[in-house]
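# Topology and contacts: notes
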Amino acid sequence: MWNKCLHTLWNDGRLRFSKQNVVYKSSKTGKVDNIPAAELSVATWRRVCLGHGIKLATSNGHVYKYDGFRDTDYERISEFFKANYKVELTEKDMCVKGWNWGTAKFSGPLLSFDVNDSSVFEIPLASVSQCATGKNEVTLEFHQNDDAEVSLMEVRFYVPPGPADEGADPVEAFAQNVRSKADVIQATGDAVCVFKELQCLTPRGRYDILIYPAFLHLHGKTFDYKIPYTTVLRLFLLPSKDQRQMFFVISLDPPIKQGQTRYHFLILHFSKEEELKLTLNMSEEEVEKRYEGKLSKNMSGSLYEMVSRVMKALVNRKITVPGNFQGNTPGAQCITCSYKAQSGLLYPLERGFIYVHKPPVHLRFEEISSVNFARGTTTTRSFDFEVETKQGNQFTFSSIEREEYGKLFDFVNAKKLHIKNRGFKEKKVGMNNEYSDSDDDQHDAYLERMKAEGKIREEGDGSNDSDEETGEYDSNASESDSGSGGDGSGDEGKKKPAKKAKVVKEKRERKPRKEVRKKQKDTNAPKRPMSSYMLWLNSSRERIKSENPGISITEISKKAGEMWKQIGKEDKEEWDGKADEAKKTYEKAMKEYRESVPFLSIRESKKKAGGKKEDKKRKSGGGEKEKEQGGNDSFKSREFISSEESSSDGERKKAKKAKKAKGKPQSRDKVLHCHHGNNRMN
């Protein structure tokens, strides 16, 4: 058995060669092509735009093409084909002359354009959506490939006129050969049965569904859709949450199109109470011969049962129904949620998830990389269910009730899907941990360092800050007392000093904060110690760079966080011990540094600077009244204040009473007496 990852014309997938058959499975849709070894007739190896490819033809006329091989794969595949399939893998070169005049050959489902018996290009007629004829011209239109950035939509062939004696028109003959194999649907004959006025959710509206042997015809008031059974991938029959309605979902590839809109799913909505008696437009012998007992000429039952039974027989595919999952609501096999701001239902199936209805989403377990249970963005009463695919796409189903969490988690765990935040389910204490984000368990080196620095700052700078704040408070109190009697008589002169004292006090209270900030920028102070994580990171940085060449700085931090998380307790204790030693060394150095710095001289210089600023403000705010009453009476130095207070206890008590009194005018004699005393001291 030999496996290799390949891709076909449209989709990536996996191709497997075995002794019994050739199997290809599409990664996008999960569709499987099974080619029995006995039916293989021709195998061709050729050069294509993406390397090399294989073209396989069967005895019943089907052609399969796969590319993405390397040149070195030819010998192994050729030997395998000879030994097991008895088919020779022949090499065939493509014509690269660039000529646009050649011969069109129809071989099964392919149209080949040849120049000198060498193929220039081949067109799969199943990709043709429309064939139109004109004068000496045939136009082919193709299905659009939504996954490709650029799609070939139209090719025109010029067909020269034939001899006059020939009755057949060469243009019509060419078009007829195309239509016989192309995906161009023409309604010929009577329909097998007709379902009237069925409600469709996607595309929205009510349609008459005409069932033909080879395709499905949706006839509405505005649009008509013809769906060949070969484009049907899967059928789903899903009960609604209220147990009174049913959804019948048809998965399509390629999708049906209306303008620029693509419908990958056809969703029919039924009520369980609707009944129908159906009679097929065929004889009983023909029904028995064609459908082998799956259908009968006369049938009756619920409408959704009749539609699903007929579709199952004609499409020849199984109908997928919900498995053993049971939601929080009794009897409900689905979960109410929102996807892209639209409310709908999420059905956990045996092999995947399907969401209905706008827009419909089907996710198979084999294409899911991981799932995540995330905290709701608006409220804690709900959570989000995130699904990430192997192709990198992410689907978020939000607003799921928290009562559904246990059921959904057990289902996902039983299906062995990778859960990003599995630890929160096992270590939870309350509902907060249940809906924690998957990034919460990541190591945050920056946060740990900031916490350590904050703790050291509190321990190292707490005592000094308190001393400085006390000294500044005394200075403010003295200046406010002296300033209360520095103005002249009158109500305006008495009110202004109070306002000035208040402003000065507010500004002086901010000074300790400024001093703390300046001390943090002191370049002479010892550097704070590193945490255990930062010590380990500095010693391991070069090793991480050598093990991961070309890694960026941000990726180094991320990688280091993951490695630190995986380190055992014993190793972490070693680095914690080093961090404690560094902390003790820092505290000792900081203590010596504080003793060597003259804090008193620093405080005195700051107070003098503050006095100069206050002097300017008093001069600008006092006006001419202060100048008339004694020049320097509005400013008093620290020495003058202390001498005045020590010399006269009685005057100090009177000043305090005058400060506390609100709205009581002071006598003019007392004010003048204070000024007289000031002038005498000077």
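Below, the structure is looked at part by part. (Residues numbered from 1 in each chain as written. Predicted model: local features only at pLDDT ≥ 70, side-chain atom pairs only at ≥ 80, totals over all residues. Heavy atoms only, no water.)

Now for a negative patch on the surface. Together, Glu570, Asp571, Glu573, Asp576, Asp580 and Glu581 line one region of the surface with negative charge. As for its placement among the helices and strands, Glu581 is situated in helix H13 (residues 569-596). Judged by its relative accessible area of 55%, Glu581 falls in the exposed class. (Patch = residues over 30% accessible without salt bridge, like charges linked within 9 Å, V, L, I, M, F, W, Y side chains within 5 Å. Areas by Shrake-Rupley, 256 points an atom, 1.4 Å probe, with all protein chains shown as cover. Salt bridge = Lys/Arg side-chain N within 4 Å of Asp/Glu carboxyl O. Lys, Arg positive; Asp, Glu negative; His and termini not counted. Charge placed at Lys NZ, Arg CZ, Asp CG, Glu CD. Helix = DSSP H or I, 4+ residues; strand = E, 2+ residues; numbered from the N terminus. Buried < 20%, exposed > 50% of the residue type's maximum accessible area, 1.4 Å probe, protein only.)

Attention shifts here to the sheet that holds strand S9 (residues 103-107). The strand order across the open sheet built from 3 strands is S9-S10-S11, with neighbouring strands paired in antiparallel fashion. Two strands in the sheet have a free side with no partner beyond their single neighbour: S9 and strand S11 (118-124). Averaged over all neighbouring strand pairs, the angle between strand axes comes to 25°, with direction disregarded. Both strand S10 (residues 110-115) and S11 contribute to a ladder of 6 bridges, which runs antiparallel. Looking at the pairing, Phe113 lines up with Phe121 of S11. (Pairing = 2+ DSSP bridges. Axes fitted to C-alpha atoms, helices over the stretch in contact; angles between N-to-C directions.)

What follows concerns the pattern of salt bridges. Scanning all chains against the criterion turns up 15 salt bridges. When the shortest N-O distance is used, the salt bridge between Arg156 and Glu154 registers 3.0 Å. Accessibility expressed as a relative area gives 55% for Arg156, which makes it exposed. Since its relative accessible area comes to 37%, Glu154 is described here as partly exposed.

Turning next to a positive patch on the surface. Taken together, the side chains of Lys294, Lys312, Lys318 and Arg351 make up a positively charged region of the molecular surface. Note on placement: Lys312 falls in helix H4 (residues 303-315).

This part covers helix H5 (residues 405-414). Restricting attention to buried positions, one finds in H5 the residues Tyr405, Leu408, Phe409, Phe411 and Val412. The arc that holds the buried residues of H5, viewed along the axis, is 160°, so those residues lie on one side. (Arc of directions from axis to C-beta.)

Here we take up the side chain of Ser127. Residue position: Ser127 is located in the loop between S11 and strand S12 (128-134). Among residues more than four places away in sequence, those in contact with Ser127 are Glu141, Phe142 and His143. (Contact = heavy atoms within 4.5 Å.)

Quick look at helix H12 (residues 553-566) now. With 14 residues, H12 should cover 20 Å at 1.5 Å per step; its first-to-last C-alpha distance of 20 Å lies within 8% of that length. Along H12, the residues classified as buried are Ile556, Ala560, Gly561, Met563 and Trp564. Buried residues in H12 make contact with helix H11 (532-547) and H13. (Expected span 1.5 Å × (residues − 1).)

A separate point is the packing of aromatic side chains. Per the stated rule, a full pass over the model turns up 32 aromatic pairs. An angle of 70° between the planes, with centres 5.0 Å apart, marks the rings of Phe81 and Tyr85 as edge-to-face. With Phe81 and Tyr85 both in helix H1 (residues 74-85), this residue pair falls 4 residues apart, about one helical turn. Both residues of the pair, Phe81 and Tyr85, belong to the buried class. Where Phe353 meets Phe411, the ring centres are 6.0 Å apart and the plane angle is 70°; that geometry is what we call edge-to-face. On the criterion of sequence distance, the pair formed by Phe353 in strand S27 (residues 352-356) and Phe411 in helix H5 is long-range, its members being 58 residues apart. We classify Phe353 as buried; its relative accessible area is 2%. Between the NZ or CZ atom of Lys97 and the centre of the ring of Trp99, over which it lies, the distance is 4.7 Å. Lys578 extends its terminal NZ or CZ atom over the ring of Trp575, reaching a point 4.1 Å from the ring centre. (Phe/Tyr/Trp six-rings, centres within 6.5 Å; stacked < 30°, edge-to-face > 60°. Lys NZ or Arg CZ within 6 Å of the ring centre and 35° of its normal.)

Moving on, we come to the sheet that holds strand S14 (residues 154-158). An order of S12-S13-S14 is seen for the 3 strands of this open sheet, with the pairing classed as antiparallel. Each edge of the open sheet carries a strand with a single partner, namely S12 and S14. Each adjacent strand pair in this sheet contributes to an overall mean axis angle of 15°, direction not counted. Across 5 bridges, the pairing between strand S13 (residues 137-142) and S14 is antiparallel. The residue of S14 that forms the bridge with Thr139 is Arg156. In the packing of helix H2 (residues 170-181) onto the sheet, the strands contacted are S12, S13 and S14, and the crossing angle to S12 comes to about 170°.

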